Every structure is written in C-alpha cells, then in structure tokens.
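Residues per chain are reported as follows:
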Amino acid sequence: MRKFDTKVQHLKYKVLREVARQAWNDTLLENVLEIPKTIVPGKTPTMRCCVYKERAILAERVKIAMGGDTDNPNVIEVIDIACDECPAAGYEVTGSCRGCLAHRCEDVCPRGAISFDHNHVAHIDKTKCVECGQCAKVCPYAAIVNRKRPCQNACKIKAISINEDNAARIDNDKCIACGACVYQCPFGAIMDKSFILNVVDLLKKSAQGRNYKLYAVVAPSISSQFTYAKLGQVITGLKELGFHAVVEAALGADIVSMSEAKELAEKGFLTSSCCPAFVSYIKSEFPDLVPFISHNLSPMAAIGEYIKRTTENAKIVFIGPCTAKKMEVQLESVKPYIDAALTFEELQALFDSRDIDITTLEEGVLDNASYYGRIFARSGGLSDAVAQALKEQGLEDFPLKACACDGIEACRIALLKKNKNVLDANFVEGMACTGGCIGGAGCLTHGEKNKAEVDKYGREAMEKTIADAVAVLK
C-alpha cells in the first residue's frame with residue numbers, strides 16, 4: 001500500500017529520511033553534500049533534464065530539511081531554482097481568438113494593454129496589464145484566460161505572487177503557514193521547514209540518560225494516516241524511537257472544549273483558537289475581530305501545559321498534519337509547553353531512518369480522550385464538542401449557533417459577515433484546511449475517507465463524555 005499521495009511527497013520524505021539517518025549516526029555535517037547523490041545516483045536524471053540541476057535542487061531541499069533559512073521567520077519557503085517550470089501567470093489570449101470586429105476587449109481595458117496584429121488577433125502587453133480581468137469577461141469566445149499557477153490557486157488569501165525571476169514569492173505578512181501551496185505545488189518548489197534534527201537530538205539525549213522524559217503528543221488526525229499499518233503499531237513505533245509515552249492531543253481538545261464552552265456562554269460570541277492558521281488570518285486580515293478570539297490555548301498547547309505542570313523535566317514533541325503548528329510552537333504563549341513540532345510526513349521519515357517497520361510491531365494502546373476530543377480532527381468536530389461541553393456543564397440554555405468553516409475561504413466569508421454584523425452565528429469554528437486537520441499539508445494521505453476514519457476512531461474511545469476524559473487530569 002502506498003504511504004504517500006504524491007511523488008513529490010515521496011521525494012521530500014527521502015530527503016528527510018537521509019538527513020535524519022545521518023543525524024542519528026553523527027555524520028550529517030561530513031556527508032551533507034552526498035545526500036543529493038544518494039537520492040539521485042549515477043548520471044541519469046530522474047525528474048529534471050539535467051542531473052546536476054536536479055542535485056542542486058535536492059541540496060536546497062536538504063537545507064530546508066535541516067531547518068531552512070534562519071533569517072526567514074516563515075516556516076514556508078520557496079526553492080527558487082525549482083520554481084521555473086510553470087508558465088507565466090496572468091491573463092493570456094488563447095488560440096480561440098477569432099479576430100472579431102467588435103474589439104470589446106480593447107474597449108474595456110482601462111490601461112490600453114490590448115493591441116491587434118495584422119491577423120486581427122489580440123495581444124496583451126504584460127507591462128501595462130493590471131490583471132483586472134475585464135477583457136476576459138467581455139470576450140464572446142472566452143478566448144482570454146487567467147493562467148494562475150497551482151500555488152496561487154491553492155493560496156486563498158493571496159499571499160503568493162510572482163517575482164521578477166518568474167518564481168513564486170510569499171508575502172510573510174499575509175501568509176498563515178497553512179501549507180496549501182506546499183501540498184499543491186507539482187514540483188515541490190515550496191516546502192515547509194523541518195525541525196526533525198531537533199527531534200533527533202531530543203531522542204538521542206533521552207536515550208543517553210539525560211534527566212527528562214520525552215513525550216509524543218499526537219494529533220487525533222493520526223487515526224486517518226499510516227493506512228498501511230494499524231494505529232496501535234504506530235504508537236509502539238513511537239516508543240521504539242525512544243519516546244517515554246504517547247499522549248493524545250485529543251485530551252487537550254477535551255480540556256479546550258470545556259473551557260471554550262464556558263467562555264462562549266460568558267461572552268456571547270467567540271471564534272475558535274484551535275487552528276493556528278485561522279487565528280493568524282484573523283490577526284492579519286480582521287484585526288477588529290481579535291478580541292473575539294478564544295483565550296484558550298490550542299489542544300496541543302493545553303495538553304502540553306498539563307504534562308509539564310504535572311511531570312518534572314518533561315519534554316514534548318507534537319506530531320500532526322499541520323505546517324502552521326511549526327509557527328505556533330514559536331509563539332511566546334506556547335513555547336514553554338511544546339519543544340518541537342513534526343508532521344506525519346516527518347514521522348514516517350523518522351521511522352525509516354531507524355529502519356523501524358511498524359507493520360511488524362505489536363499494537364500499543366492510545367486511549368486518553370473522549371469521542372468529542374477525537375473528532376476535533378475534522379470540520380464540525382469542534383462545534384459538536386462545544387455543544388456537548390455546554391450540555392455537560394449545565395449551560396445548555398445558552399442558544400449555541402455554530403458556524404463550522406470548512407477551509408479558509410469559508411472562514412473569510414464568515415468573518416466578513418461578522419464584520420458587517422450579518423452573521424447568524426455566535427460561535428465560529430475556523431479550520432484553514434479543507435476538511436479540517438485531516439486535510440493538513442503534512443498528512444501522508446488526503447481524502448474524504450479520512451473523515452470516516454476519524455469518526456470511527458472517536459467511537460472507539462473508552463471515555464464517552466468530555467467530563468469523564470478530563471476527570472483523569474484532576
């Protein structure tokens with residue numbers, strides 16, 4: 001069974017695996033230049049026209065796998081030399097142009113960017129075009145099209161433009177690190193920085209008897225990943241890597257749903273704080289709504305805070321589907337509770353860097369959370385949990401009107417309505433990724449079946465109420 005959706009993901013994984021393998025062996029610095037040759041041996045290119053360019057791009061991938069550009073605060077980076085195969089973006093006249101007499105496209109253009117050749121075929125002067133799209137709207141043959149790159153189509157908040165070298169450029173002031181561009185780029189020219197070396201270092205020092213216990217906090221969306229093995233085998237694999245214990249972030253979700261329900265009943269209106277990309281989006285694009293953001297930590301940080309408060313010298317690594325979590329763990333409000341964040345892609349690389357075949361392992365047990373904490377992984381799960389938390393805390397008289405936003409476009413619409421006081425809801429559940437966390441860029445697999453797996457995983461929870469799950473923490 002395939003471990004990844006795409007060959008781009010597989011390539012990224014191979015780089016991560018080799019970087020981690022060298023780090024385990026303390027040979028990374030001396031062999032870092034050899035990793036591209038390990039992945040593309042010989043002189044025959046496998047992905048590009050030239051093996052030397054292919055290896056040069058792989059060298060850039062290695063840098064990002066080792067933490068990337070330290071001068072760039074964003075965890076999403078562009079590999080410029082890999083970003084040269086897409087056609088120039090913008091409006092373009094296709095072969096469907098019939099050279100008609102009406103010339104509506106010319107008449108409607110506000111900048112005089114359209115002219116005609118001797119065959120009466122329209123041409124667009126890119127130095128004048130402002131990409132307003134008016135010409136495309138009036139063309140009777142639909143002969144003018146907008147050629148957007150996959151990364152630009154994926155980025156619904158318009159944080160990606162094209163620079164003077166025809167490569168993608170990310171506006172860090174707009175970017176919410178959701179990673180949609182990372183997953184959609186067909187050439188893997190946009191990648192998320194990896195902190196896998198930090199995790200290897202934590203694991204090695206733990207094995208050497210350093211005075212701390214290393215915990216893996218896994219996102220509930222793990223239930224839809226590693227489809228070639230059983231979830232219990234993944235848990236055992238984490239312990240084989242050297243983690244002292246594995247805890248569900250879903251237990252943090254139980255904590256959050258109880259607190260968030262109470263805060264909602266007190267304030268009357270709230271936006272969720274679980275998705276860091278959604279929170280970043282509010283702060284950058286809807287600053288007037290910042291006071292409405294829930295003051296609760298995310299489930300990841302909430303369970304991290306509990307573990308560190310109750311366990312002396314604990315270190316915590318979060319493992320999930322989310323590239324934005326790599327930004328969240330750098331926040332001053334979260335940094336004390338989480339020491340590093342990995343994606344599921346990176347966890348697969350870690351397993352294989354130690355030659356751990358999880359399909360051969362016995363099944364461990366992961367049972368810390370309730371059904372409601374576990375369904376946070378998919379869109380609508382948080383809203384269901386808040387409704388349940390209101391009920392369990394005797395607050396069912398509060399008239400909950402939840403707006404579950406599936407993807408950042410839905411989030412934008414809800415926030416615009418709230419700004420204009422026309423939103424018929426008092427709780428906005430914001431999920432930047434389509435489908436919720438199960439659609440995160442760091443997932444091994446994406447798809448509708450993942451939702452069913454999350455719901456199934458939720459139904460298997462021993463704790464049937466949120467209160468029962470949270471009670472074990474007291």
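As a reminder, the structure under discussion sits directly above these lines.
An account of the accompanying structure is given in this report. (Residues numbered from 1 in each chain as written. Predicted model: local features only at pLDDT ≥ 70, side-chain atom pairs only at ≥ 80, totals over all residues. Heavy atoms only, no water.)

Helix and strand counts for the protein stand at 20 helices and 15 strands. Relative to the 2.2 N^0.38 estimate, which gives 23 Å for 474 residues, the radius of gyration of the protein is 24 Å and therefore close to what a compact globule would have. By principal-axis analysis of the C-alpha atoms, the protein measures approximately 80 × 65 × 40 Å. The buried share of the protein, taken over its 474 residues, is 54%. Sequence-distant contacts in the protein: of pairs separated by 6 or more residues, those separated by 24 or more amount to 75%. If you sum the accessible surface of the protein, you get close to 21,500 Å²; carbon and sulfur atoms cover 49% of it. Separation between the mean location of the 58 positive side-chain charges and that of the 60 negative ones in the protein comes to 3 Å. (Helix = DSSP H or I, 4+ residues; strand = E, 2+ residues; numbered from the N terminus. Rg over C-alpha atoms; globule rule 2.2 N^0.38 Å. Buried < 20%, exposed > 50% of the residue type's maximum accessible area, 1.4 Å probe, protein only. Contact = heavy atoms within 4.5 Å. Areas by Shrake-Rupley, 256 points an atom, 1.4 Å probe, with all protein chains shown as cover. Lys, Arg positive; Asp, Glu negative; His and termini not counted. Charge placed at Lys NZ, Arg CZ, Asp CG, Glu CD.)

Taking strand neighbours across the sheet as the criterion, the 3 strands line up as 11-15-14 in an open arrangement whose pairing is parallel. The strands lining the two open edges of the sheet, one partner per strand, are strand 11 (270-271) and strand 14 (402-406). Those strands touched by helix 18 (residues 408-419) are strand 14 and strand 15 (427-431), and its axis lies near 140° from that of strand 14. (Pairing = 2+ DSSP bridges. Axes fitted to C-alpha atoms, helices over the stretch in contact; angles between N-to-C directions.)

Attention shifts here to helix 13 (residues 299-310). Look at helix 13: 17 Å from first C-alpha to last across 12 residues, which is about the 16 Å you get at 1.5 Å a residue. Of all the positions in helix 13, only Pro299, Met300, Ala301, Ala302, Ile303, Gly304, Tyr306 and Ile307 are classed as buried. Buried-residue contacts for helix 13 involve strand 9 (213-218), strand 10 (245-248), helix 11 (249-267), strand 12 (314-320) and helix 14 (325-328). (Expected span 1.5 Å × (residues − 1).)

Another point: the nonpolar core. Counting residues in each nonpolar core, the largest one holds 75 residues, and the members touching the most others are Phe226, Leu238 and Leu350. The dominant element in this core, judged by the number of residues it contributes, is helix 1 (residues 7-24), at 8 residues. Once residues lying within four places of it in the same chain are set aside, the contact partners of Leu350 are Ala20, Trp24, Ile196, Val199, Val200, Leu203, Leu241 and Leu342. (Core = buried A, V, L, I, M, F, W, Y, C linked by side-chain atoms within 4.5 Å.)

The next thing to look at is unusual backbone geometry. The backbone phi angle of Ala142 is positive, close to 50°, even though this residue is not glycine. Structurally, Ala142 is set in the loop between helix 6 (134-138) and strand 5 (144-147). For Asn166, which is not glycine, the phi dihedral falls at a positive 70°. Assignment of secondary structure puts Asn166 in the loop between strand 6 (160-162) and strand 7 (168-170).

Next up on the list: the side chain of Glu260. The residue Glu260 is located in helix 11 in this model. In this structure Glu260 is buried but unpaired, with Lys267 as the nearest side chain of opposite charge at 9.4 Å. Discounting chain neighbours no more than four positions away, the residues touching Glu260 are Leu270, Ser272, Ser273, Cys274, Ser294, Asn296, Leu382 and Phe427. (Salt bridge = Lys/Arg side-chain N within 4 Å of Asp/Glu carboxyl O.)

Here a ring pair, both rings aromatic, is described through the centre-centre distance and the interplanar angle of the planes. Under the criterion given, the structure shown has 6 aromatic pairs. Ring geometry for Tyr281 and Phe286: centres 5.7 Å apart, planes at 70°, overall edge-to-face. Pair check on accessibility: Tyr281 and Phe286 agree, each one buried. Just above the ring of Trp24 sits the side chain of Arg354; from NZ or CZ to the centre is 4.1 Å. Over the face of the ring belonging to Tyr457 we find Arg374, whose NZ or CZ atom lies 3.8 Å from the ring centre. (Phe/Tyr/Trp six-rings, centres within 6.5 Å; stacked < 30°, edge-to-face > 60°. Lys NZ or Arg CZ within 6 Å of the ring centre and 35° of its normal.)

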